[in-house]
Amino acid sequence: MKNIWFFDNVNLFNLLCPHKFKEYQKCHSFDMYKKSDYIYFAEDAANKIFLIQKGKVKIGYYTEEGEEVVNAILTKGELFGEKAILGEETRNEFAQSLDASTSICPIGVDTMHDLMRENKTFSLKIYKFLGIRFKKLERRLQLILFKDTRTRFLEFAKELCEEYGYDCEKTGDKVIVHPYTQKDIASLIGTSRSNLNVLMNELKEENVINFNRKEIRLLQNIA
């Protein structure tokens, strides 16, 4: 699974976007958001799910103390707001655009349920997708609660490798070409950008990883 965009060898956008279905084309449009715009807030009605046509979206919530907790940062082709499919009536998280131009395909829950009823294979794939999404979220929360920052980063890098990585034929290293900034990664593993930068440079000096702006290389000695 290189990316949830191609979940189980299926292009979710081609499969889900109502624009692809003649009966929904006339009443369907894409929503555009600028950087820092909110797509929805906690307590908003959960009557739609969303596909990212272009851009990047942060999903998270605020603690009672006002601290932001980031659950996921999603990119082109990924799905969010999916708990509405399972009957969630109000949001318990926010969704915020992280790019200057983010294009979102909204899908009404009723439309989604119609599509699922009409195609059992499609319905099974959606439930499988939801199961994978919830397991990943549970794993990330366990890492944040019980592991030190170094372990959280290395576990997250291995998770990225499953989605964005490939084996370098010359060295045997795992090469991850990913869409995240250091700020994104820091948010996802529950640390600050400055602490992450220090950690990554320490791991580089120890020959555990190498990295640049869009690539992380897991060297052979931790594979």
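The structure under discussion appears in the preceding block.
Here is what the cut-offs are and how they apply
- Residues numbered from 1 in each chain as written.
- Predicted model: local features only at pLDDT ≥ 70, side-chain atom pairs only at ≥ 80, totals over all residues.
- Heavy atoms only, no water.
- Pairing = 2+ DSSP bridges.
- Helix = DSSP H or I, 4+ residues; strand = E, 2+ residues; numbered from the N terminus.
- Axes fitted to C-alpha atoms, helices over the stretch in contact; angles between N-to-C directions.
- Contact = heavy atoms within 4.5 Å.
- Salt bridge = Lys/Arg side-chain N within 4 Å of Asp/Glu carboxyl O.
- Buried < 20%, exposed > 50% of the residue type's maximum accessible area, 1.4 Å probe, protein only.

S.K.: Talk me through the sheet that holds strand β4 (residues 57-62); I want residue IDs and the actual numbers.
M.R.: In any sheet, the strands associate via hydrogen bonds between backbone groups, in a parallel or an antiparallel arrangement. If you walk across this open sheet you meet the 4 strands as β2-β7-β4-β5, and the pairing is antiparallel. Taken across any chain shown, the strands that pair with only one partner, and hence form the sheet edges, are β2 (38-40) and β5 (68-74). Put simply, the sheet's adjacent strands are angled 30° from each other on average, direction ignored. Across 2 bridges, the pairing between β2 and strand β7 (residues 94-97) is antiparallel. If you follow Y40 over to β7, its bridge partner there is A95.

S.K.: If you had to explain the sheet that holds strand β12 (residues 215-218) to someone new, which residues and values would you point to?
M.R.: Pairing in this open sheet of 4 strands is antiparallel, and the strands run β9-β10-β12-β11 from one edge to the other. A single partner strand is all that each edge strand has here, and the edge strands are β9 (165-167) and β11 (209-212). The average angle at which neighbouring strand axes cross in this sheet is 20°, direction not considered. As paired strands, strand β10 (residues 174-177) and β12 are joined by 4 bridges and run antiparallel to one another. Looking at β12, one finds that I176 is bridged to I216. Across the sheet, helix α7 (residues 193-205) touches β11 and β12, and the angle it forms with β11 is around 130°.

S.K.: Please set out the pattern of salt bridges residue by residue, giving values where relevant.
M.R.: All told, the structure shown has 9 salt bridges when counted by the stated rule. Of the charged contacts in the structure, one is a salt bridge between E93 and K83, with a shortest N-O distance of 3.6 Å. With E93 in the loop between β6 (79-80) and β7 and K83 in the loop between β6 and β7, the pair connects residues that are 10 residues apart, well separated along the chain. Residue E93 is classed as buried on the basis of its relative accessible area, which comes to 10%. Because the salt bridges share partners, they merge into one network encompassing D173, E215 and R217.

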